[in-house]
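Topology and contacts: notes
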Amino acid sequence: MTVREALNSALDEEMSADPKVFLMGEEVGEYQGAYKISKGLLDKYGPERVLDTPITEAGFTGIGVGAAYYGLRPIVEFMTFNFAMQAIDHIINSAAKSNYMSAGQMNVPIVFRGPNGAAAGVGAQHSHCYAAWYGSCPGLKVLTPYSSEDARGLLKAAIRDPDPVIFLENELLYGESFPVSAEALDSSFCLPIGKAKIEREGRDVTITAFSKMVGHSLKAAEILEKEGISAEVINLRSIRPLDRATINASVQKTNRLVTVEEGFPQHGVGAEICATIVEDSFGYLDAPVERIAGADVPMPYAANLERMAVPQVEDIVRAAKRVCHRSVPLAAAA
Amino acid sequence: MCAQMYYRGKMFGFVHLYNGQEAVSTGFIKLLKKEDSVVSTYRDHVHALSKGVPARAVMSELFGKTTGCCRGQGGSMHMFSKEHNLLGGFAFIGEGIPVATGAAFTSKYRREVLKEADCDHVTLAFFGDGTCNNGQFFECLNMAALWKLPIVFVVENNLWAIGMSHLRATSDPQIYKKGPAFGMPGIHVNGMDVLKVRAVAQTAIARARSGEGPTLVECETYRFRGHSLADPDELRDPAEKAHYAARDPITALKKYLIENNLATEVELKAIDKKIEEVVEDAVEFADESPHPTRSQLLENVFADPKGFGIGPDGRYRCEDPKFTEGTAQV
């Protein structure tokens, strides 16, 4: 099943199960979704439940929040999370903080979903990764699916969750196909929020990643295996809450850590994981933590520059080797 | 009284008083049913009271006590009441407008999709003149008219956004004209006269309730005090203040009632006394109420507190009974 089909089936099943669930966003209806994620839903559920909005992120996000205050369960689609910046006031100030400010009177069962991070050649304003931004805000839950099973299970969990959930998809993963178990195809299938998945077990180094980088990390692990390094790859699945227990248990086993993310390095997800390890597993580290992140520049357009600005499989392999053999870091060698 | 309490240190932070604008809140909100909703800005104390939130709960919230309407977690600018359908209390101007539009959307959705035939709830969005230059305002005028939502947009035009005069900030200062541009009626009313406001409100609310769509009502009003208790209020012309002080809505109504033999001086004095008693009682109650306990810090962040994640022992943190007693480390 492709990730696109997985998301579509999750939306379909949840809308069918609960009439309070509705989808709103730009092009979600007649256009069948800017990335075809909501294909067929307009025909099935009608224009009252699949709303094509005008180009008014701040306005329609706020409308979604107001509807959620009253117990409807909106799914707000952002064409990409870059456009959500126009609505970020509502995501943070009227969604994330409301349950707290109202002392539990106003919970906000809303899902904000859409593609996040780099795509292919879309330039600086369409390639920003927001995992660290939303991951720092109390009151939000932030999910980053990788495989089709992740997409299905996490989206269903997000829609059923009584709190605001940021669901960060990845445009380049939409077309990728993954095997899905029979259990994952069941309409009651949900994945727990806040639990990471160990995609591949290993003994020598822990590699944490989320979204597209999980695929890169798995490929890197295969290359490393041939060179005698057994890498454990953790698919974070949940940026907030972060599954510290799984990450720490893994590092306490392997004693080495490489964090991988697509977004900018400063104040990123890797920085948070590094701090977590220092707090809980300092004595277990045999080498400093290696952080692989996107280049600290706005995303360039030229294809070769873009390739250099986003982590590639070779970067992960190199970092794992550095952390295992303590070879000289790339920057110092330059 | 709020000002006195503030200067005595019982209230803190940002407090925005509503003196002078009472006719707008009373004129509109007293026409609503309990199920109708109101969304306001940081100047929300009186909207809360008009909607039915008890004075004690409002005062306690201002004092930051656990008996406040939001257990002291919201404060002056963030009053919420699920029971009375007061949906806030927002600090960012314009933020409440889309939320109000969403509440109106829900009313329509419940009637048409969830088939609750008797759901004709109306939403009122209150905001000021400064907000009328904000993008979200226009986005919502458009969508409310497009989808014919049961909402009334009430502009409390008190001519000043902190120290920025409405005339210095707005290309066309006549706000009610912005309604027809989006396909809804735009009405201007004297916001210092509660009976005039009520008449206009009746029409607008009836229009929304019958499914005919939104209305934009501009109420010309004035705040007698500064923007907040921290505002030295130096920029406003004393002559302007005097002009509006002479049109105090409460005094005007008193005069009207007496002249038309609807009430006597004695009866009105008794009401005044009763109000003083309610206020004194609220202050006493708030003063004697307890501060929130330490464990309240981590409460109400999530409706499903699994959002705090899994602790080092592998269980969800919220399942640990001692979770909320912890320190920042938790």
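Because the structure is predicted, anything quoted here is derived from the model rather than measured.

Section: the pairing of strand 8 (residues 205–209) of chain A
As a general feature of sheets, a regular strand has side chains that alternate between the two faces. Residue and element names in this part refer to chain A. With 5 of its 5 residues buried, strand 8 lies for the most part within the structure. Because side chains alternate across strand 8, one face comprises the buried residues Val 205, Ile 207 and Ala 209, and the other comprises Thr 206 and Thr 208, equally buried. A crossover connection joins strand 8 to the parallel strand 9 (residues 231–235) through helix 9 (residues 212–226); in handedness this β-α-β unit is right-handed.

Examining the UniProt feature "domain: Dehydrogenase E1 component" (unreviewed entry) in chain B
UniProt's feature table lists "domain: Dehydrogenase E1 component" (unreviewed entry) at residues 3–293 of chain B, given in the numbering used throughout. The span residues 3–293 of chain B shows a helical share of 43% and a strand share of 12%, and its end C-alpha atoms are spaced 26 Å apart.

What to know about helix 3 (residues 57–69) of chain A
All names here are of chain A. Taking 1.5 Å per residue, 13 residues should reach 18 Å; helix 3 reaches 18 Å between its end C-alpha atoms and fits that length. Summarising burial for helix 3: 13 of the 13 residues are buried, a large majority. Positive backbone phi, at 90 degrees, marks Gly 71, one or two positions downstream of helix 3.

Describing the interface of chain A and chain B
Often the size quoted for an interface is simply the accessible area lost on bringing the parts together. At the interface, 52 residues of chain A touch 51 residues of chain B. Of the roughly 4,100 Å² buried where chain A meets chain B, counting both sides, 65% is carbon and sulfur surface. Of all residues in chain A, Tyr 70, Tyr 100 and Met 101 of chain A bury the most surface against chain B, accounting for 19% of the area lost on that side. For the pair chain A and chain B, the interface holds 1 salt bridge. One salt bridge connects Asp 304 of chain B with Lys 141 of chain A, and the closest N-O pair in it is separated by 3.4 Å. Where chain A meets chain B, there are 21 residue pairs in polar contact (both at pLDDT 80 or more). Elements that contribute at least two residues to the side of chain A that touches chain B include exactly strand 1 (21–25), strand 2 (50–52), helix 3, helix 4 (88–96) and helix 5 (98–101) of chain A. Among the elements that take part in the side of chain A that touches chain B, helix 3 of chain A stands out by supplying 10 residues, more than any other. Residue classes in the side of chain A that touches chain B are distributed as 25 nonpolar, 16 polar and 11 charged.

Describing the nonpolar core
Core analysis: the biggest nonpolar cluster contains 119 residues, and Phe 112 and Tyr 134 of chain A together with Phe 28, Phe 105 and Phe 153 of chain B have the highest contact counts within it. It is helix 5 (residues 96–112) of chain B that provides the largest number of residues to this core, a total of 7 residues. Apart from the residues within four sequence positions on either side, Phe 105 of chain B is in contact with Phe 22, Leu 51, Ile 63, Ala 67 and Leu 72 of chain A together with Trp 147 and Leu 149 of chain B.

Quick look at the pattern of salt bridges
Residue and element names in this part refer to chain B. A complete count under the given rule lists 37 salt bridges over all chains for this structure. The salt bridge involving Arg 110 is made with Glu 116; its shortest N-O contact spans 2.9 Å. By relative accessible area, Arg 110 is classed as partly exposed at 22%. A relative accessible area of 29% places Glu 116 in the partly exposed class.

Here's the deal with helix 2 (residues 22–29) of chain B
Within helix 2 of chain B, 6 of the 8 residues are buried, which leaves it mostly tucked inside the rest of the structure. Residues of helix 2 of chain B that are buried: Ala 23, Val 24, Ser 25, Gly 27, Phe 28 and Ile 29 of chain B.

Re the UniProt feature "domain: Transketolase-like pyrimidine-binding" (unreviewed entry) in chain A
Feature annotation in UniProt places "domain: Transketolase-like pyrimidine-binding" (unreviewed entry) on residues 1–176 of chain A, given in this structure's numbering. Counted over residues 1–176 of chain A, helix gives 36% and strand 15%. Its end C-alpha atoms are 8 Å apart.

Focus on the packing of helix 3 of chain A against helix 5 of chain B
Direction vectors running N to C along helix 3 of chain A and helix 5 of chain B enclose 55 degrees, while the axes themselves pass 6 Å from each other. Compared by their axis directions, helix 3 of chain A and helix 5 of chain B come out oblique. Viewed along their axes, helix 3 of chain A and helix 5 of chain B form a crossing whose handedness is right-handed. Here Ala 58, Gly 59, Gly 62, Ile 63, Val 65, Gly 66, Ala 67 and Tyr 69 of chain A of helix 3 of chain A come into contact with helix 5 of chain B, specifically with Pro 98, Val 99, Thr 101, Gly 102, Ala 103, Phe 105 and Thr 106 of chain B. Considered class by class, the residues forming the contact of helix 3 of chain A with helix 5 of chain B number 9 nonpolar, 6 polar and no charged.

Focus on the packing of helix 1 (residues 3–17) of chain A against helix 7 (residues 148–160) of chain A
Residue and element names in this part refer to chain A. Taken N-terminus to C-terminus, the directions of helix 1 and helix 7 make an angle of 25 degrees; their axes are 8 Å apart at the nearest point. With respect to helix 7, the element helix 1 is oriented roughly parallel. Viewed along their axes, helix 1 and helix 7 form a crossing whose handedness is right-handed. Taking contact as the criterion, the partners of Val 3, Ala 6, Leu 7, Ser 9, Ala 10, Leu 11, Glu 13 and Glu 14 in helix 1 are, on helix 7, Ser 148, Ala 151, Arg 152, Leu 155, Lys 156, Ile 159 and Arg 160.

What to know about a negative patch on the surface
The grouping of Glu 276, Glu 280, Glu 284 and Glu 288 of chain B at the surface amounts to a negative patch. Within the fold, Glu 276 of chain B resides in helix 12 (residues 265–288).

A few points about the sheet that holds strand 4 (residues 111–115) of chain A
What holds strands together in a sheet is hydrogen bonding between their backbones, with the strands either parallel or antiparallel. Residues and elements named next belong to chain A. Strands sit in the order 2-1-3-4-6-5-10 across an open sheet of 7 strands; the sheet is mixed. The open sheet is flanked by strand 2 and strand 10 (238–240), the only strands paired with a single partner. Direction aside, neighbouring strands of the sheet carry axes that sit 20 degrees apart on average. Where strand 4 and strand 6 (residues 165–169) come together, 5 bridges link them in parallel fashion. Within strand 6, the residue paired with Val 111 across the bridge is Val 165. Together, strand 1, strand 3 (73–77) and strand 4 form the strand contacts of helix 3, whose direction differs from that of strand 3 by roughly 165 degrees.

Here's the deal with a nonpolar patch on the surface
Residue and element names in this part refer to chain B. A contiguous nonpolar patch, built from Leu 195, Leu 253, Tyr 256 and Leu 262 and spanning about 350 Å² of accessible area, is present on the exposed surface. In this fold, Leu 195 is placed in helix 9 (residues 194–209). When its relative accessible area of 37% is taken as the criterion, Leu 195 is described as partly exposed.

The rules we used
Residues numbered from 1 in each chain as written. Chains lettered and ligands numbered in written order. Predicted model: local features only at pLDDT ≥ 70, side-chain atom pairs only at ≥ 80, totals over all residues. Heavy atoms only, no water. Buried < 20%, exposed > 50% of the residue type's maximum accessible area, 1.4 Å probe, protein only. Helix = DSSP H or I, 4+ residues; strand = E, 2+ residues; numbered from the N terminus. Right-handed = clockwise from strand over helix to strand, strands pointing away. UniProt positions renumbered as here; feature names shortened; annotations may be inferred. Expected span 1.5 Å × (residues − 1). Contact = heavy atoms within 4.5 Å. Buried area = accessible area lost by both parts, 1.4 Å probe. Salt bridge = Lys/Arg side-chain N within 4 Å of Asp/Glu carboxyl O. Polar contact = N/O pair within 3.5 Å; in protein donor to acceptor, adjacent residues only side chain to side chain. Nonpolar A, V, L, I, M, F, W, Y, C, P; charged D, E, K, R; others polar. Core = buried A, V, L, I, M, F, W, Y, C linked by side-chain atoms within 4.5 Å. Axes fitted to C-alpha atoms, helices over the stretch in contact; angles between N-to-C directions. Parallel < 35°, antiparallel > 145°, perpendicular 65-115°, else oblique. Left-handed = near helix turned anticlockwise from the far one by under 90°. Patch = residues over 30% accessible without salt bridge, like charges linked within 9 Å, V, L, I, M, F, W, Y side chains within 5 Å. Areas by Shrake-Rupley, 256 points an atom, 1.4 Å probe, with all protein chains shown as cover. Lys, Arg positive; Asp, Glu negative; His and termini not counted. Charge placed at Lys NZ, Arg CZ, Asp CG, Glu CD. Pairing = 2+ DSSP bridges.

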